[in-house]
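Structural characterization, general
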Amino acid sequence: MRTTPERFEELVARALEELPEPFAGALHNIEVLIEDRPWPDDLRSTRVRPHCTLLGLYRGVPLSRRGGGYHLVTPDVIVIFREPIERLARDEADLEARVRRVVRHEIAHYFGISDERLREIGAY
């Protein structure tokens, strides 16, 4: 399901706006970017297995691992990869649901929730 970059940006913005308040209000010093696809370094750093797809990436120090000396740092970054998500989406509704799921998944990493824990609670 191909869409325009502007439409994809709207979907990401909507997913962020729809975050439940306890989570949305706790987001600080974070930037959300949209890139067309992951770079080879992204794939290596996340140890994505061959023939698997990376849809998003959290780059930063999770809240659960920050200490008292964590200040005056550049923003953490969440990257949403447009092309892989579009390739998987069957239609507009599926695209929107996938974008929402990836945004929430990466936000979970910001809060320190691992992929393993997301699988345990059925949110992966």
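Look above for the structure.
A few points on the structure. If you're wondering where the values come from, they're calculated on a predicted model, not measured in any experiment. (Residues numbered from 1 in each chain as written. Predicted model: local features only at pLDDT ≥ 70, side-chain atom pairs only at ≥ 80, totals over all residues. Heavy atoms only, no water.)

From N to C terminus, the protein includes six helices and three strands. Its helices and strands in sequence order give the protein the pattern α-α-β-α-β-β-α-α-α, from N to C terminus. Over its C-alpha trace the protein gives a radius of gyration of 15 Å, about what one expects of a compact globule, namely 14 Å for 124 residues. The C-alpha extent of the protein, read off along each of the three principal axes, is 45 × 35 × 30 Å. By the burial criterion, 32% of the 124 residues in the protein qualify as buried. Intrachain contacts of the protein at a sequence separation of at least 6 include 70% that bridge at least 24 residues. When the 19 basic and 22 acidic side-chain charges of the protein are each reduced to a single mean position, those positions are 6 Å apart. (Helix = DSSP H or I, 4+ residues; strand = E, 2+ residues; numbered from the N terminus. Rg over C-alpha atoms; globule rule 2.2 N^0.38 Å. Buried < 20%, exposed > 50% of the residue type's maximum accessible area, 1.4 Å probe, protein only. Contact = heavy atoms within 4.5 Å. Lys, Arg positive; Asp, Glu negative; His and termini not counted. Charge placed at Lys NZ, Arg CZ, Asp CG, Glu CD.)

So, on to unusual backbone geometry. Residue Asn 29 is not a glycine yet carries a positive backbone phi of 55°. For Asn 29, a relative accessible area of 38% translates into the label partly exposed.

Structurally, Glu 86 can be placed in helix α4 (residues 82–88). For Glu 86, a relative accessible area of 2% gives the class buried. With 78 residues separating them in the primary sequence, Glu 86 and Phe 8 have C-alpha atoms 9.0 Å apart. Apart from the residues within four sequence positions on either side, Glu 86 is in contact with Met 1, Arg 2, Thr 3, Phe 8 and Leu 95.

Spatially, β1-β3-β2 is the arrangement adopted by the three strands of the open sheet, whose pairing is mixed. Two strands in the sheet have a free side with no partner beyond their single neighbour: β1 (30–35) and β2 (56–59). Along the sheet, successive strands turn relative to each other by an average axial angle of 15°, direction set aside. One ladder, built from four bridges, connects β2 with strand β3 (residues 76–81); its direction is antiparallel. Its bridge partner being in β3, Tyr 58 is matched across the sheet by Ile 78. Sheet contacts for helix α1 (residues 5–17): β1 and β3; angle to β1, the most-contacted strand, approximately 150°. (Pairing = 2+ DSSP bridges. Axes fitted to C-alpha atoms, helices over the stretch in contact; angles between N-to-C directions.)

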